[in-house]
Amino acid sequence: MELASPPGNSSGTVPALPFSSLSEFEGHMSLALHTANANDNTSLDKPAVSGPIVASLSMTLGVLSNIVALLILANSYARLRRRSKAAFLLFATSLVATDFMGHVIPGAIVLKLYLSEGVPATQYARPDALCQFLGGSMVFFGLCPLFLGCAMAAERCLGVTRPLLHASLVSATRTKVSLSIIWLAALCMALLPCFHLGSYSYQYPGTWCFIKVLEDTAEADVAFVLLFSGLGLGSLALALVCNTTSGLTLLIGRMRKQRCNRQRARSHDIEMVVQLVGIMVTSCICWSPLLIFGLMSVTRSYEGSVGDDLATYRMLMITGVRLASWNQILDPWVYILLRRAVLRKIYLVTKRQVDLSSIRRWEPNSLHSAEKTTVSNHV
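Residues numbered from 1 in each chain as written. Predicted model: local features only at pLDDT ≥ 70, side-chain atom pairs only at ≥ 80, totals over all residues. Heavy atoms only, no water.

Looking up the chain in an unreviewed UniProt entry gives the name Thromboxane A2 receptor, with the organism given as Pygocentrus nattereri. For the chain, the Subcellular location (unreviewed entry) comment in UniProt is given as "Cell membrane". (UniProt positions renumbered as here; feature names shortened; annotations may be inferred.)

Here is the structure:
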């Protein structure tokens, strides 16, 4: 059976393909597939459309939370300037102020990068001045809360276990000097890439910058990440030891039933230790993943064993930095919620509920026993 020739082809032969050979056709198809895959990868590397909205809401929540906490702490510091709690309040106010700046400055840059749809994946390894500043800000505002939390825990541990030594050593001037040293140490750490000790680079999906932990990492990058993560995890560990010591000391003091005025002084210590435990737990949950994921990523990258797991490590890093950003939002709520006035109200409400439930549970039994007593008396 003969196929009819298509219209316009009077010779009856099959029209020629637009490619002169099969190899040319295969080359064209492979080029088309490569272009399509490149377009898909480009679209995957672009930040999500909802990114600016989420970043704006997170930034607004963090700013409002820090402002409220600053007002509470400033009011408390003005009232308790000459008491033993003044040093703790000065540390706490500095921590919240640092969290506030650390939320506004990097947050504004990240929001700008989101609105510009981020940096292409081909430019990740070519950081500009904006990336250098953002990376340095991430390191500085990341280490400061961890250092301050550790210093606050050490100060309270000294105040609880050695109150006389604390009174002779701790003063407003020395507290301010300690704050300056902490900020200076974090700043020196952030400026190490300026002396070619490590480097910053854009991170997936091109909307933030951090220490280079993936792709073409050098020995200096590994050392930089080890130092950053080591200082962060060391601060958390030291804070854990100090807070545990303070808590056990307060617990033993309560069990010994000390004098009434001593109990009143201890109530301030309990409030501060509870707040420190809240800060420590928040920092551990929010910062530990980024510190650990950074170590994992840079080690695997330097060994050249990332391979097909590159996308996985990218997602681990972005998950870690998102958790770390919540530290600056949750820290202020530690001071807002874990105050003596709030804790006392929670205690009274809980106690009232427990009393009501016990009354409801025991009331039928009491009536039943009363009826039995009445019956026995009549008999």
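From this point, things continue past the structure.
A. Molecular detail of the overall build of the chain. Secondary structure summary: the chain contains ten helices and two strands in total. For the chain, the N- to C-terminal ordering of α and β elements is α-α-α-α-α-α-β-β-α-α-α-α. Out of the 379 residues in the chain, the part that is buried amounts to 40%. Contacts in the chain between residues at least 24 apart in sequence constitute 80% of all its contacts with a sequence separation of at least 6. As displayed, the chain has an accessible area near 21,900 Å², and 67% of this comes from carbon and sulfur atoms. (Helix = DSSP H or I, 4+ residues; strand = E, 2+ residues; numbered from the N terminus. Buried < 20%, exposed > 50% of the residue type's maximum accessible area, 1.4 Å probe, protein only. Contact = heavy atoms within 4.5 Å. Areas by Shrake-Rupley, 256 points an atom, 1.4 Å probe, with all protein chains shown as cover.)

B. Layout of unusual backbone geometry. Between Tyr204 and Pro205 the backbone carries a cis peptide bond, its omega angle lying at 5 degrees. Looking at where Pro205 falls in the secondary structure, it is placed in the loop between strand E1 (200–203) and strand E2 (208–211). Even without being a glycine, Asp216 presents a positive backbone phi close to 60 degrees. Among the secondary structure elements, Asp216 is positioned in the loop between E2 and helix H7 (219–255).

C. Broad picture of the state of the cysteines. Following the criterion strictly, the structure yields one disulfide and no others. Left unpaired, Cys242 is separated from the closest cysteine sulfur, that of Cys157, by 4.7 Å. Considering cysteine sulfurs only, Cys286 is the nearest to Cys284, which forms no disulfide, with 9.6 Å between them. (Disulfide = S-S within 2.5 Å.)

D. Region of interest: the nonpolar core. Among the nonpolar cores identified, the biggest contains 68 residues, and Val139, Met152, Trp208, Phe210 and Phe228 are the most heavily contacted of them. When residues in this core are grouped by element, the largest group, 13 residues, is from helix H4 (residues 129–161). (Core = buried A, V, L, I, M, F, W, Y, C linked by side-chain atoms within 4.5 Å.)

E. Region of the structure containing helix H3 (residues 86–115). Compared with an ideal rise of 1.5 Å per residue, which puts 30 residues at 44 Å, H3 spans 43 Å between its outermost C-alpha atoms and is within 8% of the ideal. The largest bend along H3 reaches roughly 25 degrees and is located at Gly107. At the C-terminal side of H3, Glu117 shows a positive phi close to 65 degrees. (Expected span 1.5 Å × (residues − 1). Bend = angle between axes of the 7 residues up to and from the residue.)

F. Here's a closer look at empty space enclosed by the protein. Applying the stated criterion to the full structure yields three cavities of 30 Å³ or more. Taken as a whole, the largest cavity holds about 70 Å³ of empty space. As for the largest cavity, its lining consists of 13 residues, and the residues nearest its centre are Gly149, Cys150, Ala239, Met280 and Ser283. Elements with a contribution of two residues or more to the lining of the largest cavity: H4, H7 and helix H8 (260–303). For the lining of the largest cavity, the element with the highest residue contribution is H4, accounting for five residues. A breakdown of the residues in the lining of the largest cavity according to their chemical character gives nine nonpolar, four polar and no charged. (1 Å grid on protein atoms, 1.4 Å probe; cavity = no way out; pocket = protein on both sides within 12 Å on 5 of 7 lines; lining within 4 Å. Points joined across faces, edges and corners; volume = space filled by probe spheres on them. Nonpolar A, V, L, I, M, F, W, Y, C, P; charged D, E, K, R; others polar.)

G. Region of interest: the pairing of E2. Examined bridge by bridge, E1 and E2 share four bridges and lie antiparallel to one another. The residue of E2 that forms the bridge with Ser201 is Phe210. What sits between the antiparallel neighbours E1 and E2 is a turn of four residues, in which Gly206 has the positive phi angle 85 degrees. (Pairing = 2+ DSSP bridges.)

H. Region of the structure containing the environment of Gly247. With respect to the helices and strands, the residue Gly247 is situated in helix H7. Its relative accessible area of 28% is what places Gly247 among the partly exposed residues. A C-alpha to C-alpha distance of 7.9 Å links Gly247 and Ile270, two positions 23 residues apart in sequence.

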